[in-house]
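The chain contents come next:
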Amino acid sequence: MIESFNVKPAPQPVLLDRFRNVLHQKGREAVRTNATLLARSDNGRDELFYVPFEHMNCRARLVIVGITPGPNQLELAYGAAQARLRAGLSDDLVLERAKKEGSFGGDTMRPNLVKMLAFFGIPELLGVGNANDLWGTAWHDLHATSVVPHAAFRSGRPFAGSFQDVLGTKPFRECFERDFAATLPLISQEARYIALGPTPLEALDWCSKRGLLKPEQVLGAFAHPSSRGGSQVAVYLGEKPIEALSPKDPVKKRKWLVPLAERMSRSVAAWRASPACVA
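Model, not experiment: these values are computed from the prediction.

A. Spatial organisation of the pattern of salt bridges. All told, the structure shown has 14 salt bridges when counted by the stated rule. Where Arg154 meets Asp46, a salt bridge forms, and the shortest distance between an N and an O atom there is 2.7 Å. Of this pair, Arg154 sits in strand 5 (residues 151-154) while Asp46 sits in strand 2 (residues 46-49); the two residues are 108 residues apart in sequence, bridging distant segments of the chain. For the pair Arg154 and Asp46, a shared accessibility class is recorded, and that class is buried. A salt bridge links Asp205 to Arg263; its shortest N-O distance comes to 3.2 Å.

What follows is the structure, given as structure tokens:
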């Protein structure tokens, strides 16, 4: 375990210049290649790849936090960055468009995320027409990020470990401190945070205990919305009782889904009753 914690408030470093040529020339073909490798652990098991997600919306009222960008997000972001670089857009616009199109993107992830946002009435609390608008006309209200904002892989697979795994893995810990924790004090103190699963929630609670966030800013966690989550979104939303699942369904062992939903319900109710609520 790496025990040091020395975070000074700072925006996420912009690394686009370093990867501009490869993104411009190869786009999606550069995903998870040596040309976009940021760091590798000494044992070679853990790798970190660049994602053009440095854009920050410091005035956001909602912050959604994943574990780390997955393969679909990587491809979407690289494709979006390539198109905007070839169109001659400014770096700020290249990064903004890459994040807007790539963050929590995909045929399953974003629809599931929109479904959970709507279920808890988050768009209403933000004064937004519907949850899809957070990636459209209400993009200014959303900051999308991850505990490890560049793409983390372990043994060739997307990293899906615990927060303690993040803290104990040098390249992941450094990315977490530099690109996530250090940015939190720059975001509006009125923003509310939603984690996607237990690992980001543990990270947010960890940051809250160290004064980087106020406890009331952390609403809790959604079920992870990716297709790899299987039926867990349905269980989380109460659409399917966990007892009714097949014994072979891995979601049957995720007893923490119901407590996560209960915490979210309590937090949303407290937010709704707060003076800062617009609903």
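B. Representation of the packing of helix 7 (residues 170-180) against helix 8 (residues 198-209) in the model. Running from N to C, helix 7 and helix 8 cross one another at 60°; their axes reach a closest spacing of 13 Å. Taken as axis vectors, helix 7 and helix 8 run oblique relative to one another. Crossing angle aside, the handedness with which helix 7 passes helix 8 is right-handed. Between helix 7, through Arg173, Phe176 and Phe180, and helix 8, the contact on the second element is made entirely by Ala203, Leu204, Trp206 and Cys207. When grouped by side-chain class, the residues that make up the contact of helix 7 with helix 8 number 6 nonpolar, no polar and 1 charged.

C. Representation of unusual backbone geometry. A positive phi angle, close to 55°, is found at Arg32, a residue other than glycine. Summarising the element assignment, Arg32 is placed in the loop between helix 1 (16-26) and strand 1 (37-40). Overall, the relative accessible area of 35% leaves Arg32 in the partly exposed class. Of note, Ser155 is a non-glycine position whose phi angle comes to about 55°, a positive value. In this structure, Ser155 sits in the loop between strand 5 and strand 6 (157-158).

D. Expanded view of empty space enclosed by the protein. The final tally for this structure, using the stated rule, is 1 cavity of 30 Å³ or more. As for the largest cavity, its lining consists of Gln12, Phe53, Pro69, Gln73, Lys99, Ser103, Phe104, Ala144, Thr145, Ser146 and Pro149. Split into classes, the residues belonging to the lining of the largest cavity amount to 5 nonpolar, 5 polar and 1 charged.

The rules behind the values
All residue numbers refer to position in the chain's written sequence, counted from 1. Only residues with pLDDT of at least 70 get local features here, since the model is predicted, and only at 80 or more are side-chain atom pairs given and counted; chain-wide, interface and lining totals rely on the full set of residues. Calculated side-chain values reflect all of the structure's heavy atoms, with hydrogen atoms and water omitted. Salt bridges are identified by distance alone: a Lys or Arg side-chain nitrogen within 4 Å of an Asp or Glu carboxyl oxygen. Helix and strand labels come from DSSP, where a helix needs a run of H or I of at least four residues and a strand needs a run of E of at least two; each type is numbered from the N terminus. For each residue, the accessible area found with a 1.4 Å probe, counting protein chains only, is set against the maximum for its type, and the residue is called buried under 20%, exposed over 50%, and partly exposed in between. Orientation is described by axes fitted as lines to C-alpha atoms, over the contacting stretch for helices, and by angles from 0 to 180 degrees between their N-to-C directions. Each angle receives one of four descriptions, namely roughly parallel if under 35 degrees, roughly antiparallel if over 145, roughly perpendicular if within 65 to 115, and oblique otherwise. Note on convention: near helix rotated counterclockwise from far helix by under a right angle means a left-handed crossing. Clockwise means right-handed. We call two residues in contact whenever any of their non-hydrogen atoms come within 4.5 Å of each other. Only Asp, Glu, Lys and Arg are considered charged in this grouping, and only Ala, Val, Leu, Ile, Met, Phe, Trp, Tyr, Cys and Pro are considered nonpolar; every other residue, Gly among them, is considered polar. Cavities and pockets are defined on a 1 Å grid built over the protein atoms alone: a cavity is a set of grid points where a 1.4 Å probe fits but cannot escape, while a pocket is an open set with protein on both sides within 12 Å along at least five of seven lines, and lining residues are those with an atom within 4 Å of any such point. Grid points are joined across faces, edges and corners, and a volume is the space filled by probe spheres set on the points.

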